[in-house]
Amino acid sequence: MVGEVPGVPTKDYARQHAALWPQLAPRLEELFAGGDAPILGAVVERFEQRFAAWCGVDHCVGVNSGTDALRLALEFCGVGAGDEVVVPAHTFVATVSAVVQCGARPVLVDVDPVSMLVTGEAVAAAVGPRTRAVLPVHLYGTLCDMVGIGEVCDAHRLTCIEDAAQAHGAEDAGGRRAGGFGHVGAFSFHPSKNLGAFGDAGALVTDDRELAERARVVRNLGKSGKHEVVAFGPNTKLDTIQALVLDLKLDHVDAWTARRRALAARYRQRLAGLEALTLPADGAPGRPCWHLFVVRCAERDRLRQHLADRGIASGMHYPIPPHLQPLPLDLGRLGEFPVTESIAASLLSLPLSHEHRDDEIDRVCDAVEEFFG
Ligand SMILES: *Cc1c(COP(=O)(O)O)cnc(C)c1O
């Protein structure tokens, strides 16, 4: 079936790195020749400052994953044992795991069937006497309703921590970016994200100077100086080599986001007429960064196979919601979050990245049209 035609991947790291290599190679060479310390040097500091400015916040503290960024953000906001944190039921399991890791109880809420995101209304309905924080997830690169969620947080004196792991550069109508709405924003730079390192990496961003200073100490084994230790902290620093990759990619990420938006618009235009296929909401008046282009269809598994037979890869984010995972904690029963469960059973991520060519997206659209034909 595939014949001579090469397949369409969901992502292609080699393609991305080949394009960057002429710029990356001399920087790596300089680094390894003694250009900076392997840990906590000028490169990390430079990236942190530039990323904070790019997000529109004052401070960025690099850590070694998005999950650690979330966990530390919660901890620094005082969330711990006995507290409840409201999280969407439809998310990557790391969101929920971060809450459990800091000793608090995650309270899951169902998402909106159109946006697939948590809403202010859903958060308000879940607030109780023990609620301490809200963790909205800008899933797939579309901002949650941060006005609505912000109002609920203000009314109940709750801390808002954004899971912006999929939302680098996602903007509201006024151009305000993900990570700049809550008290803290947590980012992942996992290689698959819109801004990705060559390995694990993450960061938290905030306008709270004290919190950022504390984070710099805690991420580094609690060290306040070369020999002084003031906290029992983990070792979760952003590596210099990852910061160097990220600092270079930061020069390109706006152009990459523009490219993702153009390809999302192309999908939208080509696939709009198919009744049996639900397209993702366009995020208006905000501007998503299109980390993923997630369609929904009752015959998901058959569509996925149809695409695979034609050499087209697809993904599922995420087919098993956290409350249905075999985890050692009861997060909810089957049937408790019907919207999340129906999304999980029907979702399919079509190939989308800044590296994809127009003709690849067209091939995906042809195959999808043929399926429903
Ligand atoms: C990727 C991701 C995380 C976790 O980030 P890691 O860097 O993999 O630890 C958390 N939340 C969401 C929504 C993610 O997509």
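This text goes with the structure placed above it.
The structure presented is a predicted model; accordingly, all values stated were derived computationally and were not measured.

**Q** Which parts of the structure should I look at to understand the nonpolar core?
**A** Most often, soluble globular proteins keep nonpolar side chains buried together rather than apart. Core analysis: the biggest nonpolar cluster contains 62 residues, and Phe47, Phe51, Phe189, Leu195 and Leu246 have the highest contact counts within it. Secondary-structure elements contributing two or more residues to this core are helix H1 (13-35), helix H2 (42-55), strand E3 (105-109), helix H5 (120-126), helix H6 (146-156), strand E7 (202-206), helix H8 (240-250) and helix H9 (253-271). Among the elements that take part in this core, H2 stands out by supplying seven residues, more than any other. Contact partners of Leu195, with chain neighbours within four places excluded, come to Phe47, Phe51, His168, Ser188, Phe189, His190, Leu246, Lys249, Leu250 and Val253. Core analysis: the next-biggest nonpolar cluster, separate from the first, contains 31 residues, Cys77, Ala133, Leu204 and Leu331 among them.

**Q** What is the right way to read the layout of surface pockets from this model?
**A** If a probe the size of a water molecule is rolled over the atoms, the empty space left behind becomes visible. In this structure, the largest pocket encloses a volume near 540 Å³. Taken together, 38 residues make up the lining of the largest pocket; nearest its centre are Gln166, His190, Ser192, Lys193 and His291. Of all the secondary-structure elements, those providing two or more residues to the lining of the largest pocket are H1, helix H3 (66-76), helix H4 (93-101) and strand E9 (347-350). Residue composition of the lining of the largest pocket, grouped by class: 14 nonpolar, 18 polar and six charged. The calculated volume of the second largest pocket comes to roughly 280 Å³.

**Q** Hey, could you run me through the site of the ligand in this one?
**A** With respect to spatial proximity, 14 residues lie near the ligand, and among them Gly66, Thr67, Gln166, Ser188 and Lys193 are the closest. Ser188 has a polar side-chain atom sitting 2.6 Å from an oxygen atom of the ligand. Protein chains shield 93% of the accessible area of the ligand, which is 380 Å² for the free molecule. Of all the cavities here, the one that holds the ligand is the largest pocket. Of all the elements in the fold, those that place two or more residues in the shell around the ligand are H3 and H4. Looking at the shell around the ligand, its residues break down into six nonpolar, six polar and two charged.

**Q** Help me understand the side chain of Ser65 in this model?
**A** Within the element layout of this structure, Ser65 appears in the loop between strand E1 (59-63) and H3. A distance of 3.4 Å separates a polar side-chain atom of Ser65 from the backbone nitrogen of Thr67. Within polar-contact distance, the side chain of Ser65 engages the backbone nitrogen of Asp68 at 3.0 Å. Other than its neighbours up to four places away in sequence, Ser65 contacts Phe187, Ala201 and Gly202.

What counts, and at which threshold
Sequence order sets the numbering: in each chain, residues are counted from 1 along the sequence as written. Under the rules for a predicted model, residues below a pLDDT of 70 receive no local features and side-chain atom pairs below 80 are neither given nor counted, while totals for whole chains, interfaces and linings still include all residues. To get the side-chain values, take all heavy atoms of the structure and skip hydrogens and water. The definition of a nonpolar core used throughout is a set of buried Ala, Val, Leu, Ile, Met, Phe, Trp, Tyr and Cys residues joined through side-chain atoms within 4.5 Å. Relative accessibility thresholds used throughout: buried, under 20% of the residue-type maximum; exposed, over 50%; partly exposed, between the two (1.4 Å probe, protein chains only). Each helix is a run of DSSP H or I of at least 4 residues and each strand a run of E of at least 2, with the numbering of both proceeding from the N terminus. In what follows, residue pairs with any heavy atoms lying within 4.5 Å of each other are defined as contacts. In the cavity and pocket records, a cavity denotes points on a 1 Å grid over the protein atoms alone where a 1.4 Å probe fits but cannot get out, a pocket denotes an open set with protein on both sides within 12 Å along at least 5 of 7 lines, and lining residues are residues with an atom within 4 Å of a point. Grid points are joined across faces, edges and corners, and a volume is the space filled by probe spheres set on the points. Under this grouping Gly is polar, as are all residues other than the nonpolar Ala, Val, Leu, Ile, Met, Phe, Trp, Tyr, Cys and Pro and the charged Asp, Glu, Lys and Arg. The near set for a molecule or strand comprises every residue that places at least one heavy atom within 4 Å of it. Pairs of N or O atoms are called polar contacts if they sit within 3.5 Å, as long as, within protein, a hydrogen donor faces a hydrogen acceptor (for residues adjacent in sequence, only side-chain-to-side-chain pairs). All accessible areas in this document rest on Shrake-Rupley with a 1.4 Å probe, and a residue is counted as covered only by the protein chains that are shown. For a cavity or pocket, the test is whether more than half of a molecule's atoms lie within 2 Å of its grid points; if they do, the molecule sits there.

Purely geometric numbers; function is a separate question.
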